[in-house]
Amino acid sequence: MAEAWMRPKMADLTTVTWIRGPSLDRLTVVSTAAGVHHCIVRALRNTERDGGCDGCPRRHSPANLMCAMNTKGVTFATEAAFYDFHSRRLVPGEWHLVDIQTFSGSLSRESWRRVAAVAAAATGAKLVGM
Ligand SMILES: [Zn+2]
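Cut-offs used in this document
Residues numbered from 1 in each chain as written. Predicted model: local features only at pLDDT ≥ 70, side-chain atom pairs only at ≥ 80, totals over all residues. Helix = DSSP H or I, 4+ residues; strand = E, 2+ residues; numbered from the N terminus. Buried ≥ 20, exposed ≤ 12 C-beta atoms within 10 Å, placed from the backbone. Contact = placed C-beta atoms within 7 Å. Pairing = 2+ DSSP bridges. Axes fitted to C-alpha atoms, helices over the stretch in contact; angles between N-to-C directions. Core = buried A, V, L, I, M, F, W, Y, C linked by C-beta atoms within 7 Å.

Concerning the environment of Cys56
Looking at where Cys56 falls in the secondary structure, it is placed in the loop between helix H1 (46-51) and strand E4 (82-84). Here Cys56 falls in the buried class, since 20 other C-beta atoms lie within 10 Å of it. Residues Cys56 and Arg26, 30 residues apart in the sequence, show an inter-C-alpha distance of 9.6 Å. In contact with Cys56, other than residues within four places in its own chain, are Ser61, Asn64 and Cys67.

With respect to the sheet that holds strand E7 (residues 125-128)
Judged by pairing direction, the sheet is mixed, and its 7 strands sit side by side in the order E4-E1-E2-E3-E6-E5-E7 without closing on themselves. Edge positions in the open sheet fall to E4 and E7, since each of these has one partner strand only. Here the strands of the sheet are splayed against their neighbours by 35 degrees on average, with no regard to which way each runs. Across 7 bridges, strand E3 (residues 36-42) lies against strand E6 (residues 107-116) in antiparallel orientation. Note that in E6 the partner of Val41 across the bridge is Ser108.

Some points on the nonpolar core
Core analysis: the biggest nonpolar cluster contains 21 residues, and Trp18, Ile19, Phe82 and Tyr83 have the highest contact counts within it. Looking at this core, the elements with two or more residues in it are strand E1 (18-20), E3, E4 and E7. Not counting chain neighbours up to four residues away, the residues in contact with Phe82 comprise Trp18, Arg20, Val91, Trp95 and Ala125.

Brief notes about the environment of Leu127
Tracing the backbone shows Leu127 in strand E7. Residue classification places Leu127 among the buried residues on the basis of 20 C-beta atoms within 10 Å. As for Leu127 and His96, which are separated by 31 residues in sequence, their C-alpha atoms are 6.1 Å apart. Aside from chain neighbours lying at most four places away, what touches Leu127 is Ala80, Ala81 and Trp95.

Digging into the pairing of E6
Inspection of the sheet shows strand E5 (residues 93-102) paired to E6 by 8 bridges, in the antiparallel sense. Its bridge partner being in E6, Leu97 is matched across the sheet by Trp112. The loop that links E5 with its antiparallel partner E6 comprises 4 residues; one of these, Gly105, has a positive phi angle of about 100 degrees.

These figures come from the coordinates and say nothing about function on their own.
Encoded structure:
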């Protein structure tokens, strides 16, 4: 556990697992234990967030036609929920934030536990604790 809470590095973000609306934070699930998903979270730059960058795994790319910042400027990730970064589908469930560790810079760590397979919300997806 101690190692998992070391300061994250950009190199740890080998893939993006989830995108979170409406901030468009990127989350990489680095391990799962006892139902808790340990994640590295990357916050976007303000210009990327405000522009609706929702398709770029790393910094915004003007060539990425899957990114709303290059097309309509309106992101798909509008709910306060996790979306699968690749399929863009809502990740169902009621998720509780059980731990968070912030550092200077854009990277932080969060641990989330899914307490119900489907949330009692219109979308079936809900984040609790943010
Ligand atoms: Zn982008």
